[in-house]
Every structure is written in C-alpha cells, then in structure tokens.
Amino acid sequence: MSVATQEVRQQKSSIWNDPRFRSLLSQVLLIAAVIWLGWEVISNTMRNLEQQNIASGFGFLDTTAGFGINQSLITYSEESSYGRVFVVGLLNTILVSFLGIILATIIGFVVGVMRLSKNWLIAKIAAVYVEVLRNIPLLLQIFFWYFAVLRSLPSPRASATVLDSFFVNNRGLYVPRPLTEPGFQVVTALFLIGIAATVAIRIWAKRRQDRTGQQFPVLLTGLGLIVGLPVAAFLVLGSPVTLNYPQLKGFNFVGGLRVIPEFVAMLLALSIYTAAFIAEIVRAGILAVSKGQTEAASALGLRPRPTLRLVVVPQAVRVIIPPLTNQYLNLTKNSSLAVAIAYPELVSVFAGTTLNQTGQAVEIILMTMAVYLTLSLLTSAFMNWYNAKMALVER
C-alpha cells in the first residue's frame with residue numbers, strides 16, 4: 001500500500017475516531033448535563049415553595065430580627081436586621097476559629113515535642129494527653145468544659161477575683177475595658193510600622209545569611225520594634241488609655257469587658273481536642289527527618305535545643321504542613337458544634353434562630369454552607385501558599 005493511499009484513508013476517516021474530539025465532546029455533554037440538573041433542581045424548588053405559599057428570596061435580610069445576641073463584635077441590638085445577624089454570627093465564627101487555630105497549634109507543637117523527649121515522665125504525660133483527648137468525642141468535651149467546669153463556678157456575688165479588677169463567675173470572665181484617648185492612634189501606628197519593619201528586616205536578614213552565612217538577631221530586633229517602640233511612645237504620650245472596671249451592682253456586674261462562658265468553653269474544647277491530633281502530626285514530622293541531620297549538627301558542635309530549632313524543625317515543617325491544613329479545616333467546621341451550648345456563631349443565630357423565625361430554609365442554609373466553603377477554601381489557599389514557600393528548592 002502506497003503512502004499516498006494511507007494519507008487519503010486518514011483524511012477520509014470518521015471524526016468519531018478522533019480521540020481528542022471524543023474527549024472534548026464528552027466533557028461538553030457532562031457540563032451541559034450538570035447545568036441542566038442544577039437548573040431543574042432550582043426551578044422545581046422555587047415552584048414547590050410557591051405552591052406552598054412559602055416566601056423565597058433574600059428580602060428577609062432587611063427585616064428586623066427582634067432578638068438579642070449576648071456576644072457581638074459590632075454594634076447590634078434587637079432592632080437590627082437579619083442581615084446584621086448574619087454578620088454577627090460570621091464574625092463570632094471567625095473569632096473562635098482563628099483563636100482556636102492559634103492555641104491548638106501552640107499546644108500541639110509543645111505536646112508533639114514532649115512526646116519525643118528522652119525524659120520518661122514528660123513523654124508519658126504527652127502520650128496520655130494525646131490518647132485521652134483524641135478518643136473522646138468533641139461534643140462531649142464541649143459539654144464538659146461548659147456544664148461541668150464553667151457553669152459550676154460561683155454566682156456573681158461570690159465571684160473569684162484577682163486584684164479586685166478581674167472577676168470569674170458562672171456568667172463569664174469580667175476584665176477592665178480599655179478606653180482609648182487622643183494620642184493612642186500614634187501608638188497604634190507605631191505598632192503597625194513595627195510589624196512592617198520587622199517583616200522587611202527578616203527578608204533582608206535571610207538574604208544576607210544566604211549570601212554571607214552571617215545571622216542577624218531578627219527576634220530581638222522585632223521585639224524592640226513591635227513591643228518596645230509602641231510602649232515607649234505610650235509612656236511619652238502620658239498613657240492615653242483609661243480602664244473601665246467592672247463593678248457588682250445588684251445581681252450582676254456592670255461595666256468592664258465580659259467574656260461569656262460559651263465562648264471560653266468552645267475555645268478550650270476546640271483547641272485542646274485539635275491539639276491532640278496536631279501533636280501526632282508534629283511527632284511524625286520530626287521523626288521523618290533523617291537521624292543523620294541531627295548527628296551532623298552535633299558533629300558541628302550544636303547543642304540539642306539549637307539543633308531542634310535550626311535543623312530539625314525547619315525540615316519537619318515541610319512534612320507537617322499538608323496534614324496540618326486538614327486539622328485547621330476540621331477545627332473551623334467543628335465550630336458549628338457551638339450550637340449545642342448556644343454560643344452565638346453562624347449556625348446558632350442564623351441557621352438556627354433566624355431560620356426558625358423566617359422559615360426560609362433554602363436561602364439560609366445555602367448562605368451558611370457558602371460561608372464554611374469560603375472559609376475552608378481561603379484557609380487551604382493560604383496553607384498551600386505557605387507550603388510552596390517552605391518547599392525545598394532544587395538547585
């Protein structure tokens with residue numbers, strides 16, 4: 001068979017025999033099927049809601065809520081709208097999740113290192129912590145902190161006090177509320193400038209160390225810029241902050257700043273529970289570092305603590321970050337369990353109280369799911385960026 005005949009047959013072959021065309025067509029058909037299915041679900045839902053005389057749409061967000069919330073990071077009252085309820089719940093969710101991630105990371109790293117200690121007692125204490133706390137359901141731990149610990153505290157009249165300024169009772173923790181005065185903006189500006197300067201110095205110090213091998217005391221310099229400089233300005237400006245102390249009047253305290261027991265219970269339960277898993281991730285990451293790295297550091301004269309800080313941990317972080325991201329996502333989603341003790345996060349005040357009052361389940365549940373999806377995607381994106389930044393660069 002001549003070459004010319006083969007070319008003619010290839011030109012006349014059916015388009016269905018082209019794998020690229022079949023692949024493209026199958027993807028187009030799949031996308032069309034998904035869009036059609038989504039449209040059918042939405043249209044059927046809207047039709048059923050209309051037939052049952054159930055209101056739909058997002059107009060309810062402008063309606064007055066009519067109920068109070070015992071913790072709000074923004075101005076809120078019973079006359080506020082359901083839209084503001086959504087924002088209050090969202091901010092409370094972000095607050096407990098953000099603080100929980102920080103505390104869980106600190107506790108997890110400490111316990112993970114303790115598990116590898118050569119001290120038998122310290123290693124066993126860390127092992128007991130991990131085995132006990134990760135095997136008890138999180139919901140039970142939330143109940144323990146809230147009902148068995150915080151709700152068992154004395155009444156306001158019998159509050160435990162420190163320096164007659166800090167009071168702890170079954171209604172929460174009362175601390176002095178700082179009230180800023182003119183001049184405090186300068187302190188705030190210096191604090192922000194100190195953070196920016198520290199970041200710039202750290203970048204410069206890293207490049208300098210890569211080029212010359214010489215280290216620069218970034219930690220001490222950063223403390224001086226972030227803490228020392230604002231404190232000096234604070235003293236020079238005559239302490240432009242006054243404190244509003246809580247005072248017992250009647251059956252409760254007035255004034256000051258109140259930290260509600262529901263928030264404390266959620267923060268403790270989320271942090272301590274997640275830290276048990278993070279500790280195991282840290283332990284596995286450190287064990288993944290070759291023992292030869294530690295031996296080489298010892299041969300160079302490094303003591304155990306600098307070896308851990310400068311040699312082992314930087315390499316272990318590359319192994320730790322991917323599973324650590326999963327724990328951060330779990331902690332954020334587990335914050336929805338706060339509805340069990342009435343902490344006013346998103347599920348409690350918006351997918352709970354607001355849904356019961358308005359009956360618009362479709363819109364409220366979709367908004368709530370979209371919030372958790374967005375928070376998880378943002379967390380994943382940040383951790384993926386950090387993981388790529390810490391990855392070993394081949395030369």
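In the nomenclature of an unreviewed UniProt entry, the protein chain is known as Amino acid ABC transporter permease of Kaustia mangrovi. Looking at the protein chain in UniProt, the text filed under Sequence similarities (unreviewed entry) is "Belongs to the binding-protein-dependent transport system permease family. HisMQ subfamily."

## Some remarks on a nonpolar patch on the surface
On the surface, a nonpolar cluster with roughly 620 Å² of combined accessible area is contributed by Leu 219, Leu 220, Leu 223, Val 227, Val 231 and Leu 235. For Val 227, a relative accessible area of 45% translates into the label partly exposed.

## Here's the deal with the sheet that holds strand S3 (residues 172-175)
Within a beta sheet, neighbouring strands are joined by backbone hydrogen bonds and run either parallel or antiparallel to one another. The four strands lie next to each other as S1-S2-S3-S8, forming an open sheet whose pairing is antiparallel. The strands lining the two open edges of the sheet, one partner per strand, are strand S1 (160-162) and strand S8 (257-259). Looking at each pair of strands side by side, their axes are set apart by 15° on average, direction ignored. Summarising the sheet, S3 and S8 pair through three bridges and their orientation is antiparallel. Following the sheet pairing, Val 175 is matched in S8 by Leu 257.

## What about helix H10 (residues 304-334)?
Over its 31 residues, H10 runs only 37 Å from end to end, short of the ideal 45 Å by more than 12%, given 1.5 Å per residue. In the structure, H10 departs most strongly from a straight axis at Ile 320, where the bend amounts to approximately 45° and where the proline Pro 322 lies between one and four residues downstream.

## Here we look at unusual backbone geometry
Within the chain, Ala 342 stands out as a residue other than glycine whose phi angle is a positive 65°. In this structure, Ala 342 sits in the loop between H10 and helix H11 (346-358). Classification of Ala 342 as partly exposed rests on a relative accessible area of 46%.

## Describing the domain arrangement of the protein chain
You can read the domains of the protein chain as domain 1 (23-52) and domain 2 (82-151 + 260-390). On a C-alpha basis, the centres of domain 1 and domain 2 stand 37 Å from each other.

## Here we look at the packing of aromatic side chains
Within this structure, the stated rule accounts for 11 aromatic pairs. Ring plane angle 75° and centroid distance 4.9 Å describe the contact between Tyr 146 and Phe 147, whose orientation is recorded as edge-to-face. Taking relative accessible area as the criterion, Tyr 146 reaches 7% and is therefore assigned buried. Taking 5.1 Å as the distance between ring centres and 80° as the angle between the ring planes, the aromatic pair formed by Trp 204 and Phe 216 counts as edge-to-face. You can see Trp 204 sitting in helix H6 (residues 184-212) and its partner Phe 216 sitting in the loop between H6 and helix H7 (218-236), a full 12 residues away along the chain. An aromatic cluster is defined as three or more aromatic residues linked by ring pairs; in this entry it consists of Phe 143, Tyr 146 and Phe 147.

## Structural notes on the pattern of salt bridges
Where charged atoms of side chains with opposite charge meet at close range, the side chains can pair. Under the criterion given, the structure shown has six salt bridges. Across the pair Lys 206 and Asp 210 runs a salt bridge whose closest N-O atoms are separated by 3.5 Å. Separated by four residues within a single helix, Lys 206 and Asp 210 lie in helix H6, roughly one turn from each other. Relative accessible area serves as the criterion here: at 56%, Asp 210 is assigned to the exposed category. Among the charged side chains, a salt-bridge network with shared partners connects Arg 115, Glu 131, Arg 134, Glu 280 and Arg 283.

Cut-off values and rules
Counting restarts for each chain: residues are numbered from 1 in the order of the written sequence. The predicted nature of this model means local features are confined to residues of pLDDT at least 70 and side-chain atom pairs, given and counted, to a pLDDT of 80 or more, with totals for whole chains, interfaces and linings taken over all residues. Water and hydrogen atoms were dropped before computing side-chain values, which therefore reflect all heavy atoms in the structure. UniProt positions are given in the numbering used here, feature names are shortened, and annotations may be inferred rather than shown by experiment. Patch definition: residues above 30% relative accessible area lacking any salt bridge, with like charges linked at up to 9 Å and the nonpolar side chains Val, Leu, Ile, Met, Phe, Trp and Tyr linked at up to 5 Å. Each accessible area is a Shrake-Rupley estimate made with a 1.4 Å probe; only the visible protein chains count as cover when residues are assessed. The working definition used for a salt bridge is a side-chain nitrogen of Lys or Arg within 4 Å of a carboxyl oxygen of Asp or Glu. Exposure classes here rest on a 1.4 Å probe applied to the protein chains alone. A residue is buried below 20% of its type maximum, exposed above 50%, and partly exposed in between. A pair of strands is considered paired only if DSSP assigns at least 2 bridges between the two. A run of H or I in DSSP becomes a helix once it reaches four residues, and a run of E becomes a strand once it reaches two; helices and strands are each numbered from the N terminus. Note on method: axes are straight lines fitted to C-alpha atoms, helices fitted across the in-contact stretch only, with angles between N-to-C directions ranging 0 to 180 degrees. Multiplying 1.5 Å by the residue count of a helix minus one yields the expected span of that helix. Working definition for bend: take the seven residues up to and ending at a residue and the seven starting at it, fit an axis to each, and measure the angle between the axes. Each domain's extent was defined by an automatic or database domain assignment. Pairing of aromatic rings covers Phe, Tyr and the six-membered ring of Trp, with a centre-to-centre limit of 6.5 Å; geometry is then stacked below 30 degrees between planes, edge-to-face above 60, and tilted otherwise.

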